[in-house]
Amino acid sequence: MTIQENQEKIKNIYKEINQINGHDHDFFFGYLTRTIASGFKKIHKGFDPSEKFSKGIAYLFGLCELCGIDLESSFLKRFPNCCPYCLASPCECYLTNKKSALNIPQRKYAEELEWKYLHFQQTLKKEERIIDFDYAANFIHKIYPLNKIYWDLFHGPEFHILKCFEELGEIQEAYSIYLSKDDSRKSDYLNQIQDEICDLFAWLISAWRLQCPNLNITEFFEKMYNGNCPSCNQEHCICKNRNNSSDMLWRKEEIENIYATLTKITSDDPRLPQLLKLYNDALLSNSHSEFKRCLKETIAFLSNSKFSLADKYVDDLDRQLQLIKEKI
Ligand SMILES: [Zn+2]
Ligand SMILES: [Zn+2]
């Protein structure tokens, strides 16, 4: 699925609830910042940020929708097969100090970028390229190969963290200016937001790829938003708020499966009947927080160790179950 199709999918899931609750720019910006910060917190601890970054991108799509921005085409326009500053690929900004590496005068920049974009569009069309998250991640690393070198050899994720938060600040600045203008003048300021959003997306997807080099990002995102909101599991989200929705990715059927497995255990452990009762109650109440409690207790029961279920991969249930079955 392309970036554009995913933007459309997220729009369909959240369109109504966003309208009902009047979610505005600040709402999306706030959650965008929060999810990116949580993702980097995971990276810092050596964990996988995929769940947080997927949510971050969903909020980024929300912000794009409010501003009438198509992320995919804006991204290609911002990076027309070259760096928008030095106009080269790989980027040569470190040599040119963000000036053109092509020996063209500064005033010709916009023209040159436009030409490159048109040419790039034709090439993509001819090659029938699918522009998905993985294409974007690999494409950014082709233009900016130093990202990986810096990450691996010098700064770790620090430089990406710094750049993402720098871009977040610039997004907020750009949309505040945009909102303060009369409708007739708004479109003049749209480009600025568009560029900042694309820059953030580029740094974010780059960090994601560097932390998870073997992950199919597109597949992960699509599984997480598999036509439904991952929190309420509805085609059209009905979440009352997004505050407590983090990590509620377990579905009732998944809980029922684990419960069925647990009932097959023969053990004298007095905690087992308590655990089964917990499942019974949770399935009756159909409460996500109770589901999470059940799983936490199950892991504690089976492994005598505690770890956060927030680290669950969306497609990891089979592995989890296998793990549980092996313990049994
Ligand atoms: Zn450059
Ligand atoms: Zn929902």
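Residues numbered from 1 in each chain as written. Chains lettered and ligands numbered in written order. Predicted model: local features only at pLDDT ≥ 70, side-chain atom pairs only at ≥ 80, totals over all residues.

J.: Provide a residue-level description of the overall build of the protein chain, including the pertinent values.
T.: Helices and strands together make up the secondary structure of the protein chain, namely 15 helices and zero strands. Within the protein chain, the proportion of its 328 residues that are buried is 31%. Considering only contacts in the protein chain between residues 6 or more positions apart, those separated by 24 or more positions represent 68%. (Helix = DSSP H or I, 4+ residues; strand = E, 2+ residues; numbered from the N terminus. Buried ≥ 20, exposed ≤ 12 C-beta atoms within 10 Å, placed from the backbone. Contact = placed C-beta atoms within 7 Å.)

J.: Describe the environment of Thr96, listing the residues and the values that go with them.
T.: Examined against the element boundaries, Thr96 turns out to sit in helix 5 (residues 93–96). Sequence separation between Thr96 and Cys86 is 10 residues; the distance between their C-alpha atoms is 7.0 Å.

J.: Explain the nonpolar core to me, using residue names and the numbers behind them.
T.: Grouped together as the largest cluster of nonpolar side chains are 59 residues, with contacts concentrated most on Leu60, Leu63, Ile197, Phe201, Leu204 and Ile205. At the level of elements, helix 1 (3–21), helix 2 (25–44), helix 3 (50–67), helix 4 (71–78), helix 7 (133–143), helix 9 (158–180), helix 10 (183–211) and helix 11 (217–224) are the ones that each hand at least two residues to this core. Those residues in contact with Phe201 that sit more than four places away from it in its chain are Leu60, Leu71 and Phe75. Counting eight residues, the second-largest nonpolar core is a separate cluster that includes Ile255, Tyr279, Ala282 and Leu295. (Core = buried A, V, L, I, M, F, W, Y, C linked by C-beta atoms within 7 Å.)

J.: Account for helix 1, with residues named and values stated.
T.: With 19 residues, helix 1 extends 26 Å between its outermost C-alpha atoms, agreeing within 8% with the 27 Å of an ideal straight helix rising 1.5 Å per residue. Among the residues of helix 1, those classed as buried are Ile3, Asn6, Gln7, Ile10, Ile13 and Tyr14. Residues of helix 1 that are buried make contact with helix 3, helix 4, helix 7 and helix 11. Two residues or fewer after helix 1 comes Gly22, characterised by a positive phi angle close to 60°. (Expected span 1.5 Å × (residues − 1).)

J.: Please set out the packing of helix 4 against helix 10 residue by residue, giving values where relevant.
T.: Contact geometry of helix 4 with helix 10 gives a least axis separation of 9 Å together with a crossing angle of 90°. Relative to helix 10, the element helix 4 is oriented roughly perpendicular. In this structure, helix 4 uses Leu71, Ser74, Phe75 and Arg78 to contact helix 10, whose residues at the interface are Gln194, Asp195, Ile197, Cys198 and Phe201. Taken together, the residues of the contact of helix 4 with helix 10 break down into five nonpolar, two polar and two charged. (Axes fitted to C-alpha atoms, helices over the stretch in contact; angles between N-to-C directions. Parallel < 35°, antiparallel > 145°, perpendicular 65-115°, else oblique. Nonpolar A, V, L, I, M, F, W, Y, C, P; charged D, E, K, R; others polar.)

J.: Please give an account of helix 8 (residues 146–155) that cites residues and values.
T.: Taken across its 10 residues, helix 8 has one buried, putting it largely on the surface. Just downstream of helix 8 lies Gly156, where phi reads positive at about 60°.

J.: Outline the environment of Lys98, supporting the account with residue identities and numerical values.
T.: Note that Lys98 resides in the loop between helix 5 and helix 6 (109–126). The exposed category is assigned to Lys98, around which 12 C-beta atoms lie within 10 Å. It is 9.3 Å that separates the C-alpha atoms of Lys98 and Cys83, two residues lying 15 residues apart in sequence. Apart from the residues within four sequence positions on either side, Lys98 is in contact with Tyr85, Cys86 and Cys93.

J.: An account of the packing of helix 1 against helix 3 is needed here, citing residue identities and associated values.
T.: Orientation of helix 1 relative to helix 3, taken along the N-to-C sense of each, is 75°, at an axis distance of 10 Å. Accordingly, the angle class assigned to the pair helix 1 and helix 3 is roughly perpendicular. Together, Gln7, Ile10, Lys11, Tyr14 and Asn18 of helix 1 and Ala58, Phe61, Gly62, Cys64 and Glu65 of helix 3 make up the contact between the two elements. In the contact of helix 1 with helix 3, the residues fall into five nonpolar, three polar and two charged.

J.: Lay out unusual backbone geometry with the relevant residues and their values.
T.: With an omega of 0°, the peptide bond running from Ser89 to Pro90 counts as cis. Relative to the assigned elements, Pro90 resides in the loop between helix 4 and helix 5. Despite not being glycine, Asn103 has its phi angle at roughly 60°, a positive value.

J.: Describe the confidence of the model for the protein chain, and please don't skip the residues or the numbers.
T.: Of the residues in the protein chain, 89% have a pLDDT of 70 or more, and the chain-wide mean is 87. When the criterion is pLDDT under 50, residues 305–317 qualifies, and its contacts beyond four places in sequence or with other chains add up to 16 contacts. (pLDDT = per-residue confidence, 0-100.)

J.: Lay out the environment of Lys252 in plain terms, naming residues and giving numbers.
T.: Position of Lys252 among the secondary structure elements: in helix 12 (residues 252–263). The class of Lys252 is partly exposed, set by 13 C-beta atoms lying within 10 Å. For the pair formed by Lys252 and Phe291, sequence separation is 39 residues and the distance between their alpha carbons is 8.0 Å. With residues near it in sequence (within four places) discarded, Lys252 still touches Leu283 and Asn286.

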